[in-house]
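Summary of the model geometry
Single-letter residue listing:
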Amino acid sequence: MAGVMQVSLAAFLLLPMAPAMHSDCIFKKEQAMCLEKIQRANELMGFNDSSPGCPGMWDNITCWKPAHVGEMVLVSCPELFRIFNPDQDMGVVSRNCTEDGWSEPFPHYFDACGFDEYESETGDQDYYYLSVKALYTVGYSTSLVTLTTAMVILCRFRKLHCTRNFIHMNLFVSFMLRAISVFIKDWILYAEQDSNHCFVSTVECKAVMVFFHYCVVSNYFWLFIEGLYLFTLLVETFFPERRYFYWYTIIGWGTPTVCVTVWATLRLYFDDTGCWDMNDSTALWWVIKGPVVGSIMVNFVLFIGIIVILVQKLQSPDMGGNESSIYLRLARSTLLLIPLFGIHYTVFAFSPENVSKRERLVFELGLGSFQGFVVAVLYCFLNGEVQAEIKRKWRSWKVNRYFAVDFKHRHPSLASSGVNGGTQLSILSKSSSQIRMSGLPADNLAT
């Protein structure tokens, strides 16, 4: 169970509050508490290894205190079973202390606590969480490669440097950081195929969690910046883009810094337990979750406002086209905006944490890991401006290469000298431009 429940910790990648503790960690904690109780009971009762009776024990499910021969011990079903079977009445299990030791539990855990249902459910969950982990690993890997390529393209071509693309580039970086932080977190916290992560409490793992939260919150805020910029672009005719971009940068990277710093400080002083990957305090968790949910909701309002503006513009007489073409354009614009604004996050933004956990995992963690890939494809690779610039550079490279090879074959003496192809091409272009300029007066006179 421990090896696969490691995968269930991937559920923590969802920004809504993670459960207080996972099942394998609950068992580990209960075992540690049981051993302490047994030690205290032995001291109070004067039990030792040679004493008659039944020593206290942990049977991998619940704790049994030391008992004298002939004594019956009653224990309630573990609280964990109540979590997995909330509708089932939890019973009581008993053991008799005999001269031969502890008797078998009665009634059995299967009957009293629904242990067989728990076992089957965890078996299904093991396969499910492994599938989700494989899905988000492929998704984040694909997004990281695609976003890196898109960043190289936008940085390489100077004609693509504008406020709109700068905002896209910051969004791409936030997606890349989010993917990297996910891989680092899995590597640092859950690399071991056991439950040691339950008791990890080092500065290293806490720093990883702080970095992870910062990357996730920054990603949400740059999605918000994309929506805010587009809405401002449609509403205001003239506005200073460069000055706005300065404030966009502060909001996109500065606000998450403040939120995560406040959360880390409060966590350090009031809830410094474990590796900070569990959230026992709901109030502290809302320091991070509150701004994120707020940005999602504001982005949704901006999304509705932009759709209204698009409807008005598409229905204006100047646009032309029939009704079907108008709705087609509107549908295409809407579909393009959904991944850019992160509208799909509103589906589970306010739903309770224990509702539709499996659907939430697949929707936000599995499919959400491909959001960076979709955004890079839509706003870089399928962008007409980017495609035109790449084609122009490709044609220029082919022409330069053709003239360089042709010049080398026609003038081997120059090619063998220290003059390179770029210098030869510049000489040719200058001479050809001079010839065209000298020919202009004659042409003008002729006309």
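Report follows, based on the coordinates. (Residues numbered from 1 in each chain as written. Predicted model: local features only at pLDDT ≥ 70, side-chain atom pairs only at ≥ 80, totals over all residues. Heavy atoms only, no water.)

**Overview of the overall build of the protein chain**
What counts, and what does not: Only DSSP runs of H or I with at least four residues qualify as helices, and only runs of E with at least two residues qualify as strands; both kinds are numbered from the N terminus onward. The cut-offs for exposure are 20% and 50% of the maximum accessible area for each residue type, with area from a 1.4 Å probe on protein chains only; residues under the lower value are buried, those over the upper are exposed, and the others partly exposed. In what follows, residue pairs with any heavy atoms lying within 4.5 Å of each other are defined as contacts. With residues, only the protein chains shown are counted as cover, and all accessible areas are computed by Shrake-Rupley using a 1.4 Å probe.
Of the regular secondary structure elements, the protein chain holds 15 helices and five strands. Expressed as a percentage of its 447 residues, the buried residues of the protein chain come to 41%. Taking the contacts inside the protein chain whose residues are at least 6 apart along the sequence as the reference set, 70% of them involve residues at least 24 apart. Total accessible area on the protein chain stands at roughly 24300 Å², and carbon and sulfur atoms take up 62% of it.

**So, the sheet that holds strand E3 (residues 72–76)**
Operational definition: Two strands pair under a simple rule: DSSP has to find at least two bridges between them.
Taken in spatial order, the three strands line up as E3-E4-E5 in an open sheet, and their pairing is antiparallel. The strands lining the two open edges of the sheet, one partner per strand, are E3 and strand E5 (101–102). Here strand E4 (residues 92–98) runs beside E5; their pairing, made up of two bridges, is antiparallel. Paired with Thr98 across the strands is Gly101, a residue of E5.

**Quick notes on the packing of aromatic side chains**
To keep things clear, this is the line we draw: Here a Phe, Tyr or Trp ring, Trp counted by its six-membered ring, pairs with any other such ring whose centre lies within 6.5 Å, and the pair is stacked when the planes are under 30 degrees apart, edge-to-face when over 60, and tilted otherwise. Only Lys NZ and Arg CZ are tested; either one counts as a charge over a ring when it is within 6 Å of the ring centre and within 35 degrees of the ring normal.
Considering all chains together, one arrives at 10 aromatic pairs under this definition. Between Trp64 and Trp102 the ring centres are 6.1 Å apart and the planes differ by 50°, which places this aromatic pair in the tilted class. Of the two residues, Trp64 is situated in strand E2 (residues 63–64) and Trp102 in strand E5; the sequence distance between them amounts to 38 residues. Members of the aromatic cluster, each reached through a chain of ring pairs, are Tyr136, Tyr140 and Phe183. Between the NZ or CZ atom of Lys185 and the centre of the ring of Phe212, over which it lies, the distance is 5.2 Å.

**Examining unusual backbone geometry**
Here Phe106 and Pro107 are connected by a cis peptide whose omega angle stands at -15°. Mapped onto the elements of the fold, Pro107 is located in the loop between E5 and helix H4 (109–113).

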